[in-house]
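Okay, here's what each chain looks like letter by letter:
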Amino acid sequence: QVQLVESGGGWVQPGGSLTLSCAASGRTFRAYAMGWFRQAPGKEREFVARIDWSSGNTDSTNSVKGRFTISRDNAKNTVSLQMNSLKPEDTAVYYCAAHRRKWEFSKSASDFGSWGQGTQVTVSS
């Protein structure tokens, strides 16, 4: 099992930027794909972005392509989500997640076995 702690959420005006960070501990971080998910009020949790164990592959949902960038630092056991050109519809609680299995890159939420506590991102004027 891995423990995940997110930070960096907050309030920002439309068009602004935020960077979310996630610190991992408890197992071999560099062997697992990582992801970011979000959940808006009254909606189901949705996939935002993922990155494989070596940063060789990344993927994101269409609504954030070109605006959000996921990255990781295996030396520091951290994964980040740089969010630019934020929109009100990006408002949600954002969760960091670690894949259940080594060396796999699937993106279903059920494939991620460890989750952070979530950090609120609010985009409004």
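An account of the accompanying structure is given in this report. Residue numbering note: each chain is counted from 1, following its sequence as written. Local features in a predicted model are, by the rule used here, given only for residues with pLDDT of at least 70; side-chain atom pairs are given and counted only at 80 or more, and totals for whole chains, interfaces and linings are based on all residues. Note that water and hydrogens are dropped before the side-chain values are worked out from all heavy atoms of the structure.

A side-chain nitrogen of Lys or Arg and a carboxyl oxygen of Asp or Glu constitute a salt bridge if their distance falls within 4 Å. In this structure the tally under the stated criterion is eight salt bridges. One salt bridge in this structure joins Arg67 and Asp90, with 2.7 Å as the shortest N-O distance. Of the two residues, Arg67 sits in the loop between β6 (58-60) and β7 (68-73) while Asp90 sits in the loop between β8 (78-83) and β9 (92-99), which places them 23 residues apart along the sequence. Arg101 is paired through a salt bridge with Glu104; the nearest N and O atoms lie 2.9 Å apart. Exposure categories follow from relative accessible area, calculated using a 1.4 Å probe and restricted to protein chains: below 20% of the type maximum is buried, above 50% is exposed, and the middle band is partly exposed. By relative accessible area, Arg101 is classed as partly exposed at 34%. Take Glu104: its relative accessible area is 31%, and that puts it in the partly exposed class. Helix numbering and strand numbering both begin at the N terminus, where a helix is a DSSP run of H or I of at least 4 residues and a strand a DSSP run of E of at least 2.

The next point concerns the nonpolar core. Soluble globular proteins tend to bury their nonpolar side chains together. Buried Ala, Val, Leu, Ile, Met, Phe, Trp, Tyr and Cys residues that are joined via side-chain atoms within 4.5 Å together make up what is termed a nonpolar core. Counting 27 residues, the largest nonpolar core has Trp36, Val79, Leu81, Met83 and Tyr94 as the members making the most contacts within it. Going through the elements one at a time, β3 (18-25), β4 (34-39), β5 (46-51), β7, β8, β9 and β11 (119-123) are the ones with two or more residues in this core. When checking whether two residues touch, look at their non-hydrogen atoms; a contact exists if any pair is within 4.5 Å. Those residues in contact with Tyr94 that sit more than four places away from it in its chain are Glu6, Leu20, Trp36, Phe37, Arg38, Val48, Phe68, Leu81, Met83, Gly118, Thr119 and Val121.

Turning our attention to the packing of aromatic side chains. Pairing of aromatic rings covers Phe, Tyr and Trp, the last counted by its six-membered ring, and requires centre-to-centre distances within 6.5 Å; plane angles under 30 degrees mean stacked, over 60 mean edge-to-face, and any other angle means tilted. Within this structure, the stated rule accounts for six aromatic pairs. Between the NZ or CZ atom of Arg45 and the centre of the ring of Trp115, over which it lies, the distance is 4.6 Å. By definition, being over a ring means that NZ of Lys or CZ of Arg is both within 6 Å of the ring centre and within 35 degrees of the ring normal.

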